[in-house]
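Listed below, chain by chain, are the residues.
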Amino acid sequence: MPSLPWHAIDTVLLDMDGTLLDLHYDNHFWMEHLPQRYAELHGVSRAMAEMELQPLFERNAGQLQWYCLDFWSTELAIPVRELKLETAHLIALRPDADTFLAAIKQAGKRVILITNAHRDSLSLKLERIELAPYFERLISSHDYGFPKENPQFWEALQADIRFDPARSLFIDDTLPILRSARDFGVGHLLAVKEPDSKKGQKDTAEFAAVEDYRDLIAGL
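All of these numbers come straight from a predicted model, not from anything done at the bench. (Residues numbered from 1 in each chain as written. Predicted model: local features only at pLDDT ≥ 70, side-chain atom pairs only at ≥ 80, totals over all residues. Heavy atoms only, no water.)

### Regarding the nonpolar core
Here is step 1: Leu 14 and Ile 171 are the most contacted members of the largest nonpolar core, which totals 30 residues.
Here is step 2: In terms of residues, this core owes the most to one element, helix α5 (residues 97-106), which gives four residues.
Here is step 3: In contact with Leu 14, not counting residues within four places along its chain, are Leu 20, Phe 100, Leu 101, Ile 104, Val 111, Ile 112, Leu 113, Ile 114, Phe 135 and Ile 171.
Here is step 4: Among the nonpolar cores identified, the runner-up in size contains 20 residues, and Ile 139, Ala 181, Leu 189 and Phe 207 belong to it. (Core = buried A, V, L, I, M, F, W, Y, C linked by side-chain atoms within 4.5 Å. Buried < 20%, exposed > 50% of the residue type's maximum accessible area, 1.4 Å probe, protein only. Helix = DSSP H or I, 4+ residues; strand = E, 2+ residues; numbered from the N terminus. Contact = heavy atoms within 4.5 Å.)

### Brief notes about unusual backbone geometry
Keep in mind that most residues, glycine aside, have a negative phi and that most peptide bonds are trans.
Here is step 1: Here Asp 96, not a glycine, exhibits a phi torsion of approximately 65°, which is positive.
Here is step 2: Mapped onto the fold, Asp 96 is located in the loop between α4 (80-85) and α5.
Here is step 3: Since its relative accessible area comes to 24%, Asp 96 is described here as partly exposed.
Here is step 4: Despite not being glycine, Ala 205 shows a phi value in the positive range, around 55°.
Here is step 5: Relative to the elements of secondary structure, Ala 205 occurs in the loop between β5 (188-192) and β6 (209-210).

### A word on the pairing of strand β2 (residues 110-115)
The side chains of a regular strand alternate between both faces of the sheet.
Here is step 1: Of all six residues in β2, five are buried; the element is thus mostly enclosed.
Here is step 2: Bridging between strand β1 (residues 11-14) and β2 involves four bridges; their strand directions are parallel. Its bridge partner lying in β2, Leu 13 is registered against Ile 112.
Here is step 3: Of the strand pairs in this sheet, β2 and strand β3 (residues 137-140) are connected by four bridges, and their pairing is parallel. Bridge pairing in β3 links Thr 115 to Ser 140.
Here is step 4: With helix α6 (residues 119-128) bridging β2 and the parallel β3, this β-α-β connection has right-handed handedness. (Pairing = 2+ DSSP bridges. Right-handed = clockwise from strand over helix to strand, strands pointing away.)

Laid out in structure tokens, this is it:
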């Protein structure tokens, strides 16, 4: 993990799920809990539920509706918001994420959360993990109508918060999103080595990756 040139960074843009929060909650919900509850609520087998859900997941991945609880509640005819509450005990911070947040705030950096999560998902997590005090803004891509994978998200973000991409650090666990940020000109990019605590480390391709948030604080 190379040390960051903090003298050249004014704004820190941070993803939420898999970056600050353990992605285990989301992966477990979408891959395990939702198929099981879908099967129960529609009176089909678990195997049939997965056969019906998989093409829908594949068709919508990376698009704004993929992250929209209203879309999935309508599409699947099940109360997704209520189902997410059933596994909310799994919502957890990644190790030392709060230590990192406190340090960069104390250092006077501009700290902004940018997430693809639906506002209802964001609210659910903020009720359980005290993240809001660390941030100047909490921005959902649903506010702009484009997911972070889309170049238009970055244009909308620029128009909204007036940041200097070249003097910004962005941390995210999704490679297509990091590439979209790079294309927009974000100067400092980091992936996350282990976004889901139950799945081990992942290949972050061309991006350096956070393993321990305490390492990023050096030089602040």
